[in-house]
Amino acid sequence: MQTKVNILIVEDEPKIRQGLKDFLEYHDFAAAEAVDGLEAQRLAAERRFDLILLDLMLPKISGEQLCQQWRQSGLQTPIIMLTAKGQEQEKISGLNLGADDYMTKPFSLEELLARILAVLRRMSPGRAVGQRFSFGGWEADISALTVKNHSRSVELTTREAQIIQYFAAHPHRIISRDELYEKVWGESMTELGTRTVDMHIAKLRAKIEKDTAEPQIIKTVRGAGYKYENE
Ligand code: CA
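A brief look at the structure comes next. Computed from a predicted structure; not experimentally measured. (Residues numbered from 1 in each chain as written. Predicted model: local features only at pLDDT ≥ 70, side-chain atom pairs only at ≥ 80, totals over all residues. Heavy atoms only, no water.)

1. Considering the layout of surface pockets
Then comes step 1: If you add up the space inside the second largest pocket, you get close to 360 Å³.
Then comes step 2: Contributing to the lining of the second largest pocket are 16 residues, with Gln76, Asp100, Met123, Arg173 and Glu179 lying nearest its centre.
Then comes step 3: Sorting the residues of the lining of the second largest pocket by element identifies helix H5 (109–123), helix H7 (158–169) and helix H8 (177–185) as the ones contributing at least two each.
Then comes step 4: For the lining of the second largest pocket, the element with the highest residue contribution is H5, accounting for 3 residues.
Then comes step 5: Considered class by class, the residues forming the lining of the second largest pocket number 6 nonpolar, 4 polar and 6 charged.
Then comes step 6: Taken domain by domain, the lining of the second largest pocket gets at least three of its residues from each of domain 1 (6–123) and domain 2 (130–228). (1 Å grid on protein atoms, 1.4 Å probe; cavity = no way out; pocket = protein on both sides within 12 Å on 5 of 7 lines; lining within 4 Å. Points joined across faces, edges and corners; volume = space filled by probe spheres on them. Helix = DSSP H or I, 4+ residues; strand = E, 2+ residues; numbered from the N terminus. Nonpolar A, V, L, I, M, F, W, Y, C, P; charged D, E, K, R; others polar. Domains from an automatic or database assignment.)

2. Some words on the coordination of the calcium ion
Then comes step 1: Donor atoms from the polypeptide that bind the calcium ion are Asp12 (OD), Asp55 (OD) and Met57 (O), placed at 2.1 to 2.3 Å.
Then comes step 2: Read in sequence order, the donor residues for the calcium ion give the motif D-x42-D-x1-M. (Donors = N, O, S within 2.8 Å, 3.2 Å for Na, K, Ca; no water.)

3. Concerning the sheet that holds strand S4 (residues 79–84)
Then comes step 1: Reading across the sheet, the 5 strands line up as S2-S1-S3-S4-S5 and stay open at both edges, with parallel pairing between neighbours. Both edges of this open sheet fall to strand S2 (30–34) and strand S5 (101–105), since each of them pairs with a single strand only. When strand polarity is set aside, the average angle formed by the axes of neighbouring strands in this sheet is 20 degrees.
Then comes step 2: Pairing of strand S1 (residues 6–10) with S2 involves 5 bridges; the strand directions are parallel. Bridge pairing in S2 links Ile9 to Glu33.
Then comes step 3: Sheet strands touched by helix H2 (residues 37–46): S1 and S2. Its angle to S2, the strand with the most contacts, is close to 135 degrees. (Pairing = 2+ DSSP bridges. Axes fitted to C-alpha atoms, helices over the stretch in contact; angles between N-to-C directions. Contact = heavy atoms within 4.5 Å.)

4. What about the environment of Leu20?
Then comes step 1: Of note, Leu20 is situated in helix H1 (residues 14–26).
Then comes step 2: Sequence-distant contacts of Leu20, defined by excluding residues within four places in its chain, comprise Ile9, Leu53, Leu82, Phe107, Leu109 and Leu112.

5. Points about the sheet that holds strand S12 (residues 225–228)
Then comes step 1: Read across the open sheet, the 3 strands follow the order S10-S12-S11; overall the sheet is antiparallel. Looking at the sheet topology across the chains shown, the edges are occupied by strand S10 (174–175) and strand S11 (218–221).
Then comes step 2: Examined bridge by bridge, S10 and S12 share 2 bridges and lie antiparallel to one another. In the strand pairing of S12, Ile175 is matched with Tyr226.
Then comes step 3: Docked against the sheet, H7 engages S10, S11 and S12, running at close to 70 degrees with respect to S12.

6. Considerations on the pairing of S4
Then comes step 1: Burial within S4 is extensive, with 5 of its 6 residues counted as buried.
Then comes step 2: Note that strand S3 (residues 51–55) and S4 share 4 bridges and pair parallel. By the bridge assignment, Leu54 is partnered in S4 with Met81.
Then comes step 3: As judged from the 5 bridges shared by S4 and S5, these two strands associate in the parallel manner. In the sheet register, Leu82 faces S5, and the bridge partner there is Met103. (Buried < 20%, exposed > 50% of the residue type's maximum accessible area, 1.4 Å probe, protein only.)

Listed below in C-alpha coordinates is the structure:
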(Lines give C-alpha, C1' and ligand atoms only; values in the text may rest on other atoms or scores of the structure.)
Protein backbone atom coordinates (compact mmCIF):
# COMPACT_ATOMS: atom_id res chain seq x y z
CA MET A 1 0.00 0.00 0.00
CA GLN A 2 1.27 3.40 -0.88
CA THR A 3 1.22 6.05 1.80
CA LYS A 4 -0.05 9.51 0.98
CA VAL A 5 2.22 12.29 -0.13
CA ASN A 6 2.64 14.72 2.78
CA ILE A 7 2.42 18.40 2.00
CA LEU A 8 3.00 21.26 4.43
CA ILE A 9 1.00 24.41 3.66
CA VAL A 10 2.55 27.55 5.10
CA GLU A 11 0.11 30.40 4.60
CA ASP A 12 -1.19 33.05 6.98
CA GLU A 13 -4.37 33.93 5.07
CA PRO A 14 -7.03 31.56 6.45
CA LYS A 15 -9.13 31.43 3.27
CA ILE A 16 -6.22 30.56 1.02
CA ARG A 17 -4.86 28.06 3.55
CA GLN A 18 -8.19 26.29 3.92
CA GLY A 19 -8.77 26.34 0.16
CA LEU A 20 -5.38 24.72 -0.44
CA LYS A 21 -5.95 22.11 2.26
CA ASP A 22 -9.36 21.12 0.88
CA PHE A 23 -8.03 20.99 -2.66
CA LEU A 24 -4.99 18.87 -1.76
CA GLU A 25 -7.01 16.47 0.38
CA TYR A 26 -9.53 16.12 -2.43
CA HIS A 27 -6.61 15.07 -4.65
CA ASP A 28 -5.55 12.50 -2.08
CA PHE A 29 -2.60 14.28 -0.51
CA ALA A 30 -2.14 14.55 3.25
CA ALA A 31 -1.99 18.25 4.14
CA ALA A 32 -0.65 19.91 7.30
CA GLU A 33 -1.03 23.63 7.96
CA ALA A 34 1.21 26.27 9.47
CA VAL A 35 -0.20 29.75 10.04
CA ASP A 36 3.12 31.56 10.43
CA GLY A 37 6.85 31.11 9.96
CA LEU A 38 7.47 29.93 13.49
CA GLU A 39 4.92 27.14 13.30
CA ALA A 40 6.29 26.10 9.90
CA GLN A 41 9.79 25.94 11.37
CA ARG A 42 8.58 23.76 14.23
CA LEU A 43 6.55 21.39 12.04
CA ALA A 44 9.35 20.94 9.51
CA ALA A 45 11.74 20.07 12.35
CA GLU A 46 9.32 17.54 13.86
CA ARG A 47 8.08 15.73 10.77
CA ARG A 48 9.17 14.78 7.30
CA PHE A 49 7.23 16.34 4.42
CA ASP A 50 7.38 15.45 0.74
CA LEU A 51 6.75 19.02 -0.35
CA ILE A 52 6.27 22.46 1.20
CA LEU A 53 4.00 25.20 -0.17
CA LEU A 54 5.53 28.34 1.25
CA ASP A 55 3.93 31.76 1.25
CA LEU A 56 6.51 34.51 0.94
CA MET A 57 4.95 37.13 3.22
CA LEU A 58 4.43 35.53 6.62
CA PRO A 59 4.24 36.71 10.22
CA LYS A 60 7.15 35.99 12.60
CA ILE A 61 9.55 34.47 10.06
CA SER A 62 9.25 35.28 6.36
CA GLY A 63 9.03 32.58 3.72
CA GLU A 64 12.27 33.83 2.30
CA GLN A 65 14.10 33.45 5.61
CA LEU A 66 12.59 30.02 6.19
CA CYS A 67 13.63 28.79 2.77
CA GLN A 68 17.15 30.04 3.33
CA GLN A 69 17.36 28.46 6.81
CA TRP A 70 16.04 25.12 5.60
CA ARG A 71 18.42 24.92 2.67
CA GLN A 72 21.38 25.97 4.82
CA SER A 73 20.54 23.23 7.30
CA GLY A 74 20.46 20.70 4.47
CA LEU A 75 16.71 20.17 4.19
CA GLN A 76 16.05 18.99 0.63
CA THR A 77 12.27 18.85 0.67
CA PRO A 78 10.99 20.51 -2.50
CA ILE A 79 9.55 23.97 -1.91
CA ILE A 80 7.03 25.82 -4.06
CA MET A 81 6.93 29.51 -3.14
CA LEU A 82 3.64 31.36 -3.20
CA THR A 83 4.11 35.03 -3.98
CA ALA A 84 1.72 37.94 -4.38
CA LYS A 85 1.64 40.01 -7.56
CA GLY A 86 4.23 42.73 -7.82
CA GLN A 87 6.88 40.86 -5.90
CA GLU A 88 8.99 39.96 -8.88
CA GLN A 89 12.20 40.72 -7.08
CA GLU A 90 11.31 38.51 -4.13
CA LYS A 91 10.21 35.84 -6.55
CA ILE A 92 13.65 35.76 -8.08
CA SER A 93 15.45 35.79 -4.75
CA GLY A 94 13.07 33.01 -3.66
CA LEU A 95 14.39 30.83 -6.42
CA ASN A 96 17.96 31.73 -5.58
CA LEU A 97 17.33 30.68 -2.00
CA GLY A 98 16.59 27.17 -3.13
CA ALA A 99 12.87 27.06 -3.90
CA ASP A 100 12.03 24.56 -6.63
CA ASP A 101 9.25 26.55 -8.22
CA TYR A 102 6.97 29.52 -7.58
CA MET A 103 3.37 30.51 -8.15
CA THR A 104 2.07 34.07 -8.32
CA LYS A 105 -1.22 34.75 -6.52
CA PRO A 106 -3.94 34.55 -7.54
CA PHE A 107 -3.15 31.21 -9.16
CA SER A 108 -5.36 28.47 -10.48
CA LEU A 109 -5.47 25.35 -8.33
CA GLU A 110 -5.18 23.15 -11.40
CA GLU A 111 -1.98 24.93 -12.34
CA LEU A 112 -0.69 24.47 -8.80
CA LEU A 113 -1.51 20.76 -8.96
CA ALA A 114 0.42 20.44 -12.23
CA ARG A 115 3.45 22.15 -10.64
CA ILE A 116 3.24 19.97 -7.53
CA LEU A 117 3.19 16.81 -9.63
CA ALA A 118 6.08 18.05 -11.76
CA VAL A 119 8.20 18.80 -8.67
CA LEU A 120 7.38 15.41 -7.13
CA ARG A 121 8.29 13.64 -10.37
CA ARG A 122 11.65 15.36 -10.40
CA MET A 123 12.23 14.29 -6.80
CA SER A 124 11.26 10.66 -7.14
CA PRO A 125 13.97 8.75 -9.06
CA GLY A 126 11.68 5.80 -9.72
CA ARG A 127 9.10 7.98 -11.36
CA ALA A 128 11.72 10.12 -13.10
CA VAL A 129 13.70 7.43 -14.92
CA GLY A 130 11.57 4.31 -14.60
CA GLN A 131 12.86 0.75 -14.35
CA ARG A 132 14.88 0.65 -17.59
CA PHE A 133 17.26 3.37 -18.70
CA SER A 134 20.74 3.81 -20.11
CA PHE A 135 23.48 4.47 -17.64
CA GLY A 136 27.00 5.35 -18.72
CA GLY A 137 27.03 2.93 -21.66
CA TRP A 138 25.05 0.27 -19.79
CA GLU A 139 21.39 -0.66 -20.11
CA ALA A 140 20.04 -0.77 -16.59
CA ASP A 141 17.06 -2.91 -15.65
CA ILE A 142 16.10 -2.10 -12.08
CA SER A 143 13.41 -4.74 -11.68
CA ALA A 144 15.82 -7.43 -12.93
CA LEU A 145 18.71 -5.98 -10.85
CA THR A 146 21.08 -6.02 -13.81
CA VAL A 147 23.10 -3.75 -16.05
CA LYS A 148 24.04 -5.02 -19.50
CA ASN A 149 26.21 -3.84 -22.36
CA HIS A 150 27.07 -5.48 -25.69
CA SER A 151 29.48 -7.90 -24.09
CA ARG A 152 28.22 -8.70 -20.62
CA SER A 153 25.53 -8.66 -17.99
CA VAL A 154 26.28 -7.73 -14.39
CA GLU A 155 24.09 -8.38 -11.38
CA LEU A 156 23.37 -5.60 -8.94
CA THR A 157 22.30 -5.63 -5.33
CA THR A 158 19.05 -3.83 -4.53
CA ARG A 159 21.03 -0.99 -2.97
CA GLU A 160 23.29 -0.63 -6.00
CA ALA A 161 20.23 -0.52 -8.26
CA GLN A 162 18.74 2.23 -6.09
CA ILE A 163 22.00 4.17 -6.26
CA ILE A 164 22.22 4.13 -10.05
CA GLN A 165 18.53 4.98 -10.30
CA TYR A 166 19.14 8.01 -8.11
CA PHE A 167 22.17 9.13 -10.13
CA ALA A 168 20.28 8.58 -13.40
CA ALA A 169 17.46 10.80 -12.14
CA HIS A 170 19.95 13.57 -11.24
CA PRO A 171 22.60 13.77 -13.95
CA HIS A 172 25.20 16.57 -14.17
CA ARG A 173 24.67 17.54 -10.55
CA ILE A 174 26.96 17.08 -7.57
CA ILE A 175 25.36 14.66 -5.16
CA SER A 176 26.79 14.72 -1.67
CA ARG A 177 27.21 11.60 0.43
CA ASP A 178 24.63 13.05 2.81
CA GLU A 179 22.08 13.40 0.04
CA LEU A 180 22.71 9.91 -1.27
CA TYR A 181 22.45 8.41 2.19
CA GLU A 182 19.25 10.30 2.92
CA LYS A 183 17.60 9.47 -0.38
CA VAL A 184 18.78 5.90 -0.95
CA TRP A 185 19.08 4.60 2.60
CA GLY A 186 16.36 6.87 3.92
CA GLU A 187 18.39 7.93 6.93
CA SER A 188 20.15 11.08 8.01
CA MET A 189 23.90 11.03 7.83
CA THR A 190 26.17 9.56 10.48
CA GLU A 191 29.89 8.81 10.50
CA LEU A 192 29.10 5.21 9.65
CA GLY A 193 26.85 6.44 6.84
CA THR A 194 29.76 8.14 5.08
CA ARG A 195 31.72 4.89 5.03
CA THR A 196 28.66 2.92 3.94
CA VAL A 197 28.13 5.22 0.96
CA ASP A 198 31.80 5.12 -0.08
CA MET A 199 31.92 1.34 0.23
CA HIS A 200 28.84 0.91 -1.95
CA ILE A 201 30.15 3.33 -4.58
CA ALA A 202 33.47 1.44 -4.65
CA LYS A 203 31.71 -1.90 -5.18
CA LEU A 204 29.45 -0.42 -7.84
CA ARG A 205 32.40 1.10 -9.67
CA ALA A 206 34.19 -2.25 -9.65
CA LYS A 207 31.17 -3.63 -11.51
CA ILE A 208 30.55 -0.89 -14.08
CA GLU A 209 33.66 1.25 -14.56
CA LYS A 210 36.38 0.29 -17.07
CA ASP A 211 39.06 1.65 -14.78
CA THR A 212 38.15 2.14 -11.12
CA ALA A 213 41.21 4.38 -10.68
CA GLU A 214 39.71 6.79 -13.26
CA PRO A 215 35.93 6.46 -12.94
CA GLN A 216 34.07 7.92 -15.92
CA ILE A 217 30.47 7.12 -15.01
CA ILE A 218 30.21 8.02 -11.33
CA LYS A 219 32.90 10.65 -10.87
CA THR A 220 34.27 11.84 -7.57
CA VAL A 221 34.01 15.56 -6.93
CA ARG A 222 36.67 16.22 -4.33
CA GLY A 223 35.31 17.52 -1.07
CA ALA A 224 31.74 17.57 -2.39
CA GLY A 225 30.52 14.13 -3.37
CA TYR A 226 29.81 12.40 -6.65
CA LYS A 227 28.55 13.32 -10.08
CA TYR A 228 26.99 11.24 -12.83
CA GLU A 229 27.64 12.51 -16.33
CA ASN A 230 25.06 11.26 -18.78
CA GLU A 231 27.24 11.25 -21.93
CA1 CA B 1 0.96 36.04 3.43
